[in-house]
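# A closer look at the structure
Read off the chains here:
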Amino acid sequence: MASMAVQLLGFFLCLLGFGGTVVATVLPQWRSTAYVGSNIITATAFMKGLWMECVWHSTGIYQCEVYRSLLSLPQDLQAARALMVISCITSVLASLVSVMGMKCTRFARGSLIKSPLVLSGGVCFICAGLLCLVTVSWTTNDVIMEFYNPFLSNGMKYEIGLAVYLGYASACLSLSGGLVLCWSSCAHRSQAPHHMQRNQPTSAPPAFNNIYPPAPPYKPPEALKDNHAASLCSLSSSGYRLNNYV
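Description of the structure in this document. Note that the structure is predicted; figures quoted are calculated from it, not measured.

## So, the pattern of salt bridges
Summed over the entire model, instances satisfying the criterion amount to 2 salt bridges. Where Arg 31 meets Glu 146, a salt bridge forms, and the shortest distance between an N and an O atom there is 3.5 Å. Highlighted residues: Arg 31 in strand S1 (residues 31–33) and Glu 146 in helix H3 (residues 114–147), separated in sequence by 115 residues. Arg 31 sits in the buried class, given a relative accessible area of 17%. Through salt bridges that share partners, Arg 31, Asp 76 and Glu 146 make up one connected network.

What follows is the structure in structure tokens.
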């Protein structure tokens, strides 16, 4: 029962991480305008994401434009797109594998394949969390390097957006949930041999020979020869004749 609760906890953590990864991938707030220097008060704010670029006006109106050409994008943005998409796909596969391997499901109930399936799902969730973590860390490094670049004007500098922080939280949830699933699978494997040993009998079954005694040894006909009565031929051969007694 405790192992099932641990698996459910890890799975829900992974689901939260997966949902956060999808939201962070779609949101355009990866980079937002930095309010430094003479740009402290402005009527517009620019935001850049993986798929679109948005402008926020002080009147509360959003205007977004999707990137039309993939080849015209910088290489770091293309790599970030690919890593986040792969992370989402890996999380989907990990969810399916984990559901089939969890104890609360009917798939392959009582089979030895349950534990390896949970372990595989946990490893996939860890890989998905690492991919998301690498992407947001890479973006954070680029934003910081551009912010402290003295050759860029203040209007071209950006700050870390909300989607990056959400990506960090989602990566941590996916990593934590994957580790919990892997730990529950390893703990179940370590407990299985002890359970099998406890169910084994303490003493060996009695031998077959103790229940049924062995058969008596076989005696050849020569050993039973002396038990027969003496014949007439044998009496005559010993020196006595029947006529002496008649």
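Back to the text.
## Regarding the packing of aromatic side chains
Within this structure, the stated rule accounts for 2 aromatic pairs. Seen from their ring centres, Phe 147 and Tyr 148 are 5.3 Å apart, and the 85° between their planes marks the pair as edge-to-face. The exposure class of Phe 147 is partly exposed, given its relative accessible area of 24%. Here the basic side chain of Lys 157 rests over the ring of Phe 147, its NZ or CZ set 5.7 Å away from the ring centre.

## Looking at the sheet that holds strand S3 (residues 52–57)
The sheet built from 5 strands is open, its strands ordered S4-S3-S2-S1-S5 with antiparallel pairing. The open sheet has two edge strands, strand S4 (62–66) and strand S5 (158–160), and neither has a second partner. Taking each pair of neighbouring strands and ignoring which way they run, the sheet shows an average axis angle of 25°. Pairing between strand S2 (residues 44–48) and S3: 5 bridges, direction antiparallel. Paired with Met 47 across the bridge in S3 is Cys 54.

## Observations regarding the packing of helix H2 (residues 75–101) against H3
As a packed pair, H2 and H3 sit with axes 8 Å apart at the nearest point and diverge in direction by 160°. Classified by the angle their axes make, H2 and H3 are roughly antiparallel. The element H2 and its partner H3 pack so that their crossing is left-handed. Here the residues of the contact of H2 with H3 sort into 17 nonpolar, 10 polar and 3 charged.

## Some remarks on the pairing of S3
If you look at the hairpin formed by S2 and S3, you'll find 3 residues sitting between the two strands. Of the strand pairs in this sheet, S3 and S4 are connected by 5 bridges, and their pairing is antiparallel. For Glu 53, the partnering residue across the bridge sits in S4 and is Glu 65. The hairpin turn running from S3 into S4, its antiparallel successor, is 4 residues long, and Gly 60 in that turn takes a positive phi close to 95°.

## Structural notes on the state of the cysteines
The final tally for this structure, using the stated rule, is 1 disulfide. In this model Cys 54 forms its disulfide with Cys 64; the gap between the sulfur atoms is 2.1 Å. One quick way to see it: the torsion about the S-S bond of Cys 54 and Cys 64 is about 110°, and its sign makes the bridge right-handed. Within this pair, whereas Cys 54 is found in strand S3, its partner Cys 64 is found in strand S4, the two being separated by 10 residues in sequence. The class for Cys 64 is partly exposed, based on a relative accessible area of 46%. With no disulfide partner, Cys 172 has as its closest neighbouring cysteine sulfur the one in Cys 132, 9.1 Å distant. Since its relative accessible area comes to 46%, Cys 172 is described here as partly exposed.

## Quick look at the environment of Val 97
For Val 97, the location among the structural elements is in helix H2. Separated by 27 residues in the primary sequence, Val 97 and Cys 124 place their C-alpha atoms 9.1 Å from one another.

## Notes on a nonpolar patch on the surface
A cluster of nonpolar side chains, contributed by Val 85, Ile 89, Val 92, Leu 93 and Leu 96, occupies part of the molecular surface with about 420 Å² of accessible area. Mapped onto the secondary structure, Leu 93 falls in helix H2.

## Quick notes on the environment of Leu 173
As for its position among the elements, Leu 173 is in helix H4 (residues 162–199). Using a relative accessible area of 29% as the deciding quantity, one classes Leu 173 as partly exposed. Taking the C-alpha atoms as reference points, Leu 173 and Gly 20, 153 residues apart in sequence, are found 8.9 Å from one another. Residues in contact with Leu 173, not counting those within four places in the same chain, are Leu 13, Cys 14, Leu 16 and Gly 17.

The rules behind each value
- Residues numbered from 1 in each chain as written.
- Predicted model: local features only at pLDDT ≥ 70, side-chain atom pairs only at ≥ 80, totals over all residues.
- Heavy atoms only, no water.
- Salt bridge = Lys/Arg side-chain N within 4 Å of Asp/Glu carboxyl O.
- Helix = DSSP H or I, 4+ residues; strand = E, 2+ residues; numbered from the N terminus.
- Buried < 20%, exposed > 50% of the residue type's maximum accessible area, 1.4 Å probe, protein only.
- Phe/Tyr/Trp six-rings, centres within 6.5 Å; stacked < 30°, edge-to-face > 60°.
- Lys NZ or Arg CZ within 6 Å of the ring centre and 35° of its normal.
- Pairing = 2+ DSSP bridges.
- Axes fitted to C-alpha atoms, helices over the stretch in contact; angles between N-to-C directions.
- Parallel < 35°, antiparallel > 145°, perpendicular 65-115°, else oblique.
- Left-handed = near helix turned anticlockwise from the far one by under 90°.
- Nonpolar A, V, L, I, M, F, W, Y, C, P; charged D, E, K, R; others polar.
- Disulfide = S-S within 2.5 Å.
- Patch = residues over 30% accessible without salt bridge, like charges linked within 9 Å, V, L, I, M, F, W, Y side chains within 5 Å.
- Areas by Shrake-Rupley, 256 points an atom, 1.4 Å probe, with all protein chains shown as cover.
- Contact = heavy atoms within 4.5 Å.

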